[in-house]
Amino acid sequence: MFRRSTAARLAACTALGLMAAGTAHAQAITMATGQQGGSWFPVGGQIKAIVERENPDIDFTVTPGAGAANVVGVDAGRFQIAFANSISTVDSLEGKEPFRKPTTNVCNIGILYPQYFQIVSIADANVNGIADMAGKRLTTQQVGNTGEFLTRELLALQDMSYEDLGSVAHTSYSDSATQMKDGHADIFTLGSSLPTGSVMDLASSRDIALMNVDDATFEHFKAKNAAFQLRDVPAGAYPGFDQAIKTLSYDTHMVAPCDTDGTIVKAVLAAVADNVDSFASVNKSMEGLTVEEMATDIGVPMHSAATEFYAERGIAGME
């Protein structure tokens, strides 16, 4: 009995050891993206699916996040990869608001597509300029989101704050669209790709307008952060939206701690670079994305593995 029991225990321990050995090399990776209803979350899901398909030893988790908060999480080592906005990441290097201190362990790994700061209103709310926002009901994102930060900066240009508005709700894109549709909000501000699903949903049931950003407003933001651009939102971008406007724009890019394992960085970059058509079906803004565009210098240090990846793909100046 003793021998059989000992043998059984040894067999069980051996089996457990083999099971542990089979999983010992699996790498658990967390990527922070954005809110559900925005453009980042589904792109992150696509990256997860491809990376895990091509690298069975990688266990990839995608979690919701926010532009500025993701950068802080990367700097602290909580996320191995994250989505960010170029303007926020540049600000983080100097510890500008909303960052409490300069980041020291954040590296760029690649550009994905442009983002647009959209100031959407119900058409009959007559919001044609910043001053017209006074007394109106606003819905925007939680603090820590780039769109919410830009909203406060926009109001400050007219010496206004949230206190000058009728009400302010901090919620998800999809909930903001619902509030607008139900008549509980007049203005919806967000930073996302064009078109944005939640705004498309809103425009399918209500007439909307988008505020034009004039040159003086753009120059104010550009002076604070060189990563800002002024881009067109063409007529027809949304149903019933028939007048082209200009708005603040920046880029969605991926960041990682500068000491993140280079094999992970290269796996993520390869997933995007080798499957652009697949990503374009999830986010039209990624249609035609090139490796050259991914390697764009935005003033944020490039991760050494990303530099190697782009050099291997023949991008000049990355050696």
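Residues numbered from 1 in each chain as written. Predicted model: local features only at pLDDT ≥ 70, side-chain atom pairs only at ≥ 80, totals over all residues. Heavy atoms only, no water.

The next subject is the packing of aromatic side chains. Taken as a whole, this structure holds five aromatic pairs when the rule is applied. Ring centres of Phe228 and Tyr250 lie 6.3 Å apart, and the angle between their planes is 85 degrees; on these two criteria the pair is classed as edge-to-face. Pair noted here: Phe228 is in the loop between α8 (215-224) and β9 (229-233) and Tyr250 is in strand β10 (residues 245-256), with a separation of 22 residues, a long-range link. For the pair Phe228 and Tyr250, a shared accessibility class is recorded, and that class is buried. Both rings, one in Phe309 and one in Tyr310, keep their centres 5.5 Å apart while their planes meet at 80 degrees; by these two values the pair is edge-to-face. On the basis of relative accessibility, which here comes to 0%, the residue Tyr310 falls in the buried class. A network of ring pairs unites the aromatic residues Phe221, Phe228 and Tyr250 as a single cluster. (Phe/Tyr/Trp six-rings, centres within 6.5 Å; stacked < 30°, edge-to-face > 60°. Helix = DSSP H or I, 4+ residues; strand = E, 2+ residues; numbered from the N terminus. Buried < 20%, exposed > 50% of the residue type's maximum accessible area, 1.4 Å probe, protein only.)

The next subject is the state of the cysteines. Tallying each qualifying case throughout the model produces one disulfide. Note on cysteine connectivity: Cys107 is disulfide-linked to Cys258, with sulfurs 2.1 Å apart. Disulfide Cys107-Cys258: the torsion about the S-S bond is 100 degrees, which places it as right-handed. Highlighted residues: Cys107 in strand β4 (residues 107-122) and Cys258 in the loop between β10 and α9 (262-273), separated in sequence by 151 residues. For Cys107, a relative accessible area of 5% puts it in the buried group. Judged by its relative accessible area of 29%, Cys258 is partly exposed. (Disulfide = S-S within 2.5 Å.)

With that settled, consider helix α5 (residues 146-156). Residues that lie three or four places apart on an α-helix share one face, since the helix turns once every 3.6 residues. With nine of 11 residues buried, α5 lies mostly within the body of the structure. Those residues of α5 that fall on the buried side of the exposure criterion are Thr146, Gly147, Glu148, Phe149, Leu150, Thr151, Glu153, Leu154 and Leu155.

Glancing now at the packing of α9 against helix α12 (residues 304-312). Contact geometry for α9 and α12: axes closest at 9 Å, N-to-C directions at 45 degrees. One finds that α9 runs oblique with respect to α12. The handedness of the crossing between α9 and α12 comes out as right-handed. Here Gly262, Val265, Lys266, Leu269, Ala270 and Ala273 of α9 lie close against α12, whose contacting residues are Ala305, Ala306, Glu308, Phe309, Tyr310 and Glu312. Class assignment for the residues of the contact of α9 with α12 results in eight nonpolar, one polar and three charged. (Axes fitted to C-alpha atoms, helices over the stretch in contact; angles between N-to-C directions. Parallel < 35°, antiparallel > 145°, perpendicular 65-115°, else oblique. Left-handed = near helix turned anticlockwise from the far one by under 90°. Contact = heavy atoms within 4.5 Å. Nonpolar A, V, L, I, M, F, W, Y, C, P; charged D, E, K, R; others polar.)

Bringing the environment of Ser193 into the picture now. Structurally, Ser193 can be placed in the loop between β7 (187-192) and α7 (197-203). The exposure class of Ser193 is buried, given its relative accessible area of 3%. As for Ser193 and Glu308, which are separated by 115 residues in sequence, their C-alpha atoms are 29 Å apart. If we ignore the near neighbours within four places in the chain, the residues touching Ser193 are Ser39, Tyr113, Pro114, Gln115, Tyr116, Gln118, Tyr238, Asn283 and Ser285.

Take Gln118: it is sitting in strand β4. For Gln118, a relative accessible area of 1% gives the class buried. Among the polar contacts listed, one links the side chain of Gln118 to the backbone oxygen of Ser193, at a separation of 3.3 Å. Looking at Gln118, its side chain comes within polar contact range of the side chain of Thr196, at 3.1 Å. Residue contacts for Gln118: discarding those within four places in its chain leaves Phe188, Thr189, Leu190, Ser192, Ser193, Leu194, Thr196, Val199, Leu210 and Tyr238. (Polar contact = N/O pair within 3.5 Å; in protein donor to acceptor, adjacent residues only side chain to side chain.)

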